[in-house]
Amino acid sequence: GMLGRGSSILWSAAPQLVDLGAGHHAIQVAVGAVHICALLNTSKVKCWGAGSFGRLGNGGGDTRDIGSVASDMGDNLSTLPLDHVKQIAVGTFSAHTCAILENNGVTCWGYNNHRQALPSSSDQTAEISSTQLIPLNDGSGQNVNATELALSDVFSCARLRNQSIHCWGRTSYIQNYETLS
């Protein structure tokens, strides 16, 4: 299912085309341990693979795995409820995903056991939201535009337009909202 080719076969001997639907093609792809997200030419996002912890952004507690049957893909694969996405990121062993929106705000969804997806929430799963943005500011209270994302399994970081880096998540590795220059 993770490869999105509509098959439950565990290995792929040759690269296979992933059907993103009519008129859709990927301009960026982000690959995690068990899920994949594609930023489309329409500035929308589609995700498939293992659905646990809300990592696919389906919302409403939907934890289905998507992509192991042909009817999951193509036009049947829903776009996420985000508009004007500029960049996406998934950590290598991560169960969460983050996106930079056109307004340069950052939103994350999925597994949140270390507050790596939504630092203001102690819920294990962060639902996708285009209005609940990660508060990134320059110390004066002014929001600063994000330009790049990098994720691990237990924390997330954003590089900002002012060249500082803000990170959030597991504090045994970093400090919440620590700003690095």
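Just so you know, these numbers come straight off a predicted model, no measurement behind them.

Draft legend 1. Looking closely at the nonpolar core. Counting 23 residues, the largest nonpolar core has V45, C47, W48, V85, I88 and W109 as the members making the most contacts within it. For this core, the secondary-structure elements that each account for two or more residues are strand 2 (35–40), strand 3 (45–49), strand 4 (85–90) and strand 5 (96–101). With 5 residues, the single largest contributor to this core is strand 2. Those residues within four positions of V45 in sequence are excluded, and the remaining contacts are C37, A38, L39, S78, T79, L80, V85 and I88. Counting 17 residues, the second-largest nonpolar core is a separate cluster that includes C98, I100, A146 and W168.

Draft legend 2. Broad picture of the sheet that holds strand 4. Taking strand neighbours across the sheet as the criterion, the 4 strands line up as 4-5-6-7 in an open arrangement whose pairing is antiparallel. Both outer strands of the open sheet, strand 4 and strand 7 (125–126), are each paired with one neighbouring strand and no more. Bridge count between strand 5 and strand 6 (residues 106–111): 5 bridges; the pairing is antiparallel. Each residue of the ladder has a partner; that of A99, found in strand 6, is T107.

Parameters at a glance
- Residues numbered from 1 in each chain as written.
- Predicted model: local features only at pLDDT ≥ 70, side-chain atom pairs only at ≥ 80, totals over all residues.
- Heavy atoms only, no water.
- Core = buried A, V, L, I, M, F, W, Y, C linked by side-chain atoms within 4.5 Å.
- Buried < 20%, exposed > 50% of the residue type's maximum accessible area, 1.4 Å probe, protein only.
- Helix = DSSP H or I, 4+ residues; strand = E, 2+ residues; numbered from the N terminus.
- Contact = heavy atoms within 4.5 Å.
- Pairing = 2+ DSSP bridges.

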